[in-house]
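# Observations on the model geometry
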Amino acid sequence: IIFSHIPTQVDKLLRKWCCDNNINPDNYVFAKGMIYIKNEDLAIMAIGVENYLQGLQQINSYKWDYFSYVSDKSSTTPPNKIKEIFDLISTSIPKIKLFEWDENMTSSLRNEKDYQARQSFIRSHLHIKNSGVSLERKNIIVLDDQLTTGATAFEIRKKLEEQNVGNILIVTLF
């Protein structure tokens, strides 16, 4: 398993978006009681990932078979931010939705305070979607928003290894 982190402007943008307690309202749209990042900022993040994937394809000696993402949980606010970024990314690597969270889940990963609790939460609630595609010996890139404890990446790796995949690259925005 390879972990990759996309630096530069994308990192600065996401830190401002997710982690800054001094939110600048010019970077967000407030609607219906929720905070949304502006579409132009999503596009900047998508371009950063797109450029990274293009560079990766030029330097690696093996082919990437699928590009996927870790979807937001239904309780995530704002919803579907990673899917929006994923959908904006243009790549020759075939895109596929491999992961989904339990639909009826009401708790949050943020409530799990240590690595083992996060790992257990992810193991119980994140699943490989039955897409009818064989993953055996396939090289897969997975996009996630952030690497905090590594629990999500570890569980994704375990779930993919159970499918006998080839190489796994976890790409995080920050």
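This text goes with the structure placed above it.
The paragraphs below set out a description of the structure included in this document. (Residues numbered from 1 in each chain as written. Predicted model: local features only at pLDDT ≥ 70, side-chain atom pairs only at ≥ 80, totals over all residues. Heavy atoms only, no water.)

### Topic: the overall build of the protein chain
For the protein chain, the count of helices and strands is five helices and eight strands. Shown N-terminal to C-terminal, the secondary structure of the protein chain runs as helices and strands in the order β-α-β-β-α-β-α-β-α-β-β-α-β. Buried positions account for 43% of the 174 residues belonging to the protein chain. If you take every contact in the protein chain between residues at least 6 apart in sequence, the share linking residues at least 24 apart comes to 78%. Summed over its atoms, the accessible surface of the protein chain is roughly 9500 Å², and 46% of this surface lies on carbon and sulfur atoms. (Helix = DSSP H or I, 4+ residues; strand = E, 2+ residues; numbered from the N terminus. Buried < 20%, exposed > 50% of the residue type's maximum accessible area, 1.4 Å probe, protein only. Contact = heavy atoms within 4.5 Å. Areas by Shrake-Rupley, 256 points an atom, 1.4 Å probe, with all protein chains shown as cover.)

### Describing the pattern of salt bridges
In total, this model carries seven salt bridges according to the counting rule given. Lys-83 is the partner of Asp-87 in a salt bridge, and the nearest nitrogen-oxygen pair spans 2.6 Å. With Asp-87 and Lys-83 both in helix α3 (residues 81-88) and four residues apart, this pair spans about one turn of that helix. When the shortest N-O distance is used, the salt bridge between Lys-158 and Glu-155 registers 4.0 Å. Here Lys-158 and its partner Glu-155 are both found in helix α5 (residues 151-162), three residues apart, which amounts to about one turn of the helix. Salt bridges here are not isolated pairs; linked through shared partners, they connect Arg-123, Glu-155 and Lys-158. (Salt bridge = Lys/Arg side-chain N within 4 Å of Asp/Glu carboxyl O.)

### Structural notes on helix α4 (residues 115-125)
Taken together, the buried positions of α4 are occupied by Arg-118, Gln-119, Phe-121 and Ile-122. All buried residues of α4 lie within an arc of 160° about the axis, which places them on one face of the element. (Arc of directions from axis to C-beta.)

### Section: the packing of α4 against α5
Close contact between α4 and α5 brings their axes to 9 Å; oriented N to C, the two are set at 45°. On the basis of the axis angle, α4 is oblique to α5. α4 and α5 meet at a crossing whose hand is right-handed. From α4, Tyr-115, Arg-118, Gln-119, Ile-122 and Arg-123 reach across to α5, where they touch Ala-151, Thr-152, Phe-154, Glu-155, Lys-158 and Lys-159. Each residue belonging to the contact of α4 with α5 can be placed in one class, and the counts come to four nonpolar, two polar and five charged. (Axes fitted to C-alpha atoms, helices over the stretch in contact; angles between N-to-C directions. Parallel < 35°, antiparallel > 145°, perpendicular 65-115°, else oblique. Left-handed = near helix turned anticlockwise from the far one by under 90°. Nonpolar A, V, L, I, M, F, W, Y, C, P; charged D, E, K, R; others polar.)

### Overview of the side chain of Ser-68
Relative to the helices and strands, Ser-68 is located in strand β4 (residues 66-69). A distance of 2.8 Å separates a polar atom in the side chain of Ser-68 from the backbone oxygen of Ile-96. Those residues in contact with Ser-68, other than ones at most four positions away along the chain, are Phe-86, Ile-96, Lys-97, Leu-98, Phe-99, Ile-141, Val-142 and Leu-143. (Polar contact = N/O pair within 3.5 Å; in protein donor to acceptor, adjacent residues only side chain to side chain.)

### Re the pairing of strand β8 (residues 168-172)
Most of β8 is tucked away: five of the five residues are buried. Burial along β8 is two-sided: the face carrying Ile-168, Ile-170 and Thr-172 and the face carrying Leu-169 and Val-171 are both buried. As defined by bridge partners, strand β7 (residues 140-144) adjoins β8 across five bridges and the pair is classed as parallel. Residue pairing across strands places Ile-140 opposite Ile-168, the latter belonging to β8. (Pairing = 2+ DSSP bridges.)

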